[in-house]
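For reference, the chains in residue letters:
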Amino acid sequence: MKKLGVAVIGTGFWGKNHARVYKELERTELMAICDIEPGRAKSISHQFSAKPYTNSANMLKNKEIDAVSVCTWSTNLANEALRALKAGKHVLVEKPMATNVKQAKELLETAEKEGLHLTVGFLMRFIPGLQYIREAVENKKIGGLVCATAKRVSQWPERIGDVGVVKDTAIHDIDVMRYIFKKDPITVYAKIGSMRHRKFEDYAQIMLSYKGGKSAFIESNWLTPYKTRTLIVTGSEAIMKLDYITQELMVEDAKETVQPRYAWQEPLKLELQHFADCILEKKKPLITGADGLKALQIAEAALRSSAKNRAIKLE
Ligand SMILES: NC(=O)c1ccc[n+]([C@@H]2O[C@H](COP(=O)([O-])OP(=O)(O)OC[C@H]3O[C@@H](n4cnc5c(N)ncnc54)[C@H](O)[C@@H]3O)[C@@H](O)[C@H]2O)c1
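Definitions and cut-offs
Counting starts from 1 at the beginning of each chain's written sequence and moves along it residue by residue. Predicted model: local features are reported for residues with pLDDT of at least 70 only, side-chain atom pairs are reported and counted for 80 or more only, and whole-chain, interface and lining totals are derived from all residues. Values shown for side chains rest on all heavy atoms present in the structure; no hydrogens or waters enter the calculation. Each helix corresponds to a stretch of at least 4 residues labelled H or I by DSSP, and each strand to a stretch of at least 2 residues labelled E; elements are numbered beginning at the N terminus. Whether two residues are in contact is decided by their heavy atoms: any pair within 4.5 Å suffices. Two strands make a pair as long as DSSP finds a minimum of two bridges between them. Only the stretch in contact is used when a helix axis is fitted, and all axes are lines through C-alpha atoms; the angle between N-to-C directions ranges over 0 to 180 degrees. One heavy atom within 4 Å of a molecule or strand makes the whole residue count as near it. A 3.5 Å cut-off defines polar contacts: any pair of N or O atoms within that distance qualifies, except that in protein one atom must be a possible hydrogen donor and the other a possible acceptor, and neighbouring residues in sequence count only when both atoms are side-chain atoms. Areas reported as accessible are Shrake-Rupley estimates using a 1.4 Å probe. Residue values count occlusion only from the protein chains shown. Here a cavity is any set of points on a 1 Å grid over the protein atoms alone where a 1.4 Å probe fits but cannot get out, and a pocket is any open set with protein on both sides within 12 Å along at least 5 of 7 lines; a residue lines the site when it has an atom within 4 Å of a point. Whether a molecule sits in a cavity or pocket is decided by its atoms, more than half of which must lie within 2 Å of the grid points. By convention, a stacked pair of Phe, Tyr or Trp rings (six-membered ring in the case of Trp) has centres within 6.5 Å and planes under 30 degrees apart, an edge-to-face pair has planes over 60 apart, and any other such pair is tilted. Whether a charge sits over a ring comes down to the Lys NZ or Arg CZ being within 6 Å of the ring centre and within 35 degrees of the ring normal.

Attention now moves to the side chain of Ser220. As for its position among the elements, Ser220 is in strand β10 (residues 215-221). In contact with Ser220, not counting residues within four places along its chain, are Arg152, Val153, Val165, Thr169, Ala170, Asp202, Tyr203 and Ala204.

For the rest of this paragraph, the subject is the sheet that holds strand β1 (residues 4-9). By definition, the strands of a sheet pair up through backbone hydrogen bonds, in either a parallel or an antiparallel sense. The strand order across the open sheet built from 6 strands is β3-β2-β1-β4-β5-β6, with neighbouring strands paired in parallel fashion. Taken across any chain shown, the strands that pair with only one partner, and hence form the sheet edges, are β3 (51-53) and β6 (118-120). Between one strand axis and the next, the sheet turns by 25 degrees as a mean value, whatever way the strands run. For strand β4 (residues 67-70) and strand β5 (residues 90-93), the ladder comprises 4 bridges, and the chain directions are parallel. Across the sheet, residue Val68 finds its bridge partner in β5, namely Val91.

Before going further, it helps to spend a moment on the site of the ligand. Looking at the ligand, there are 24 residues lining it, with Trp14, Asp35, Arg40, Asn76 and Arg159 nearest. The separation between an oxygen atom of the ligand and a polar side-chain atom of Ser74 is 3.1 Å. Asn76 has a polar side-chain atom sitting 2.9 Å from a nitrogen atom of the ligand. Calculation on the ligand without its partners gives an accessible area of 860 Å², and the protein chains cover 92% of this total. Under a 2 Å grid-point criterion requiring more than half of the atoms, the pocket assigned to the ligand is the largest pocket. The set of elements that each furnish at least two residues to the shell around the ligand consists of α4 (74-86) and α7 (165-181).

The next point concerns the packing of aromatic side chains. Applying the stated criterion to the full structure yields 2 aromatic pairs. Ring geometry for Phe181 versus Tyr210: centroids 4.1 Å apart, planes at 10 degrees, classification stacked. In this pair, Phe181 sits in helix α7 while Tyr210 sits in the loop between β9 (203-209) and β10, placing the two residues 29 residues apart along the sequence. Directly above the ring of Tyr244 sits Arg152, whose terminal nitrogen or CZ lies 4.9 Å from the centroid.

See below:
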C-alpha cells in the first residue's frame, strides 16, 4: 500500500498532536517536523522519529514529503501554507487559515493553480454527533430548522497571543453553522469586546441571519472559568443538544429524550485520515480552502459589525 509522506510545520500544543496521529495512521509516514524553536524541533523529532528542521524552506525540498500540516501561530499560518503549496505539497492549514481574507484568497488561488489539495482544520466537522445533526437537519428529523446556538467559552489559553477570540475560537462555530445550515448567512450582527485581554477581543456574541428567517447565535469568550463547548439546534418538532467535549448527543421532543450512541472517536484522527485518503484517492475533501475563506469573511464581518454597531450584509 502506498503511504503518504507527511510533515508538520509548527509542533507546539496542537502540532504535536498532528505528528502523533500521522505516526499512528496506517496510510501516512511522518518524514519530518519543523519548528522555529530549536529545542522543540529536537524533542518532537526525537519523540516521533522524524527528521527535525527549524526552517521550513529546507524541509520542503524533500521530495518524499507529499503533504504538510501547518500548525504554527495563527499569524504565520498563511505564509507557511503558501510556501508549502509553492513547493508542490498538499496542505492542511490549521484554522483560522490566515489572519485576513486577502491572504486566504492567495492560498486558494495558489492551490488551484498548482492542482493541490488545500483543506482547513475545522475539527468539529469530524465529530460524529455533528455529522448526525447535519443529517437530521437535512432529513427534517426535528421538523423544520428554526435556529442553532453555539457556546464555546473558557479561560484565555495564554499561548494564543496573536489573534482574538473571533478568529481563534468563534470561527469554529461560524464553520459549524455553514455546515449544518448548508448555506451562508445573509447578515451578521455582533457585539465584541475586551475585558481582560489587552491586545485583542476576548468575548463575542455573534448573530447570523439566513434567508427565510432562520438564525444562528454564537457565544465565545476567554473569560469563563470553565470550558464549555456545546451546540443546541432547535427544530419545529424537537431539539438536539451536542456536547463537543464528551461527544454526547441528545434528541428531545415533547414525548421523549433519546441519546443516540456511538463510540467516542478522536476527531483529529478522523480529520487526518480523511486528508490522507482524499490525496491518495484523489477525492474532494469535506472541507475546502473555500470553506476557510468563507468563515474568515464572516469573522471579519462580525468584527466590522461590532465596530460600526450595525448589521453587516454579506454577499
Ligand atoms: N483545530 C483545532 O481544534 C485547533 C486546536 C488548537 C490549535 N489550533 C490551531 O493550531 C495552531 C497552533 O496552535 P498551538 O496551540 O499549537 O500554538 P503553540 O504556540 O503551542 O504552537 C505553535 C508552534 O509553532 C511554532 N512556529 C511558529 N511560527 C513558525 C514557523 N514559521 N515555522 C515553524 N514553526 C513555527 C512555534 O515555535 C510553536 O512551537 C493555531 O493556528 C491554532 O489556531 C487548532
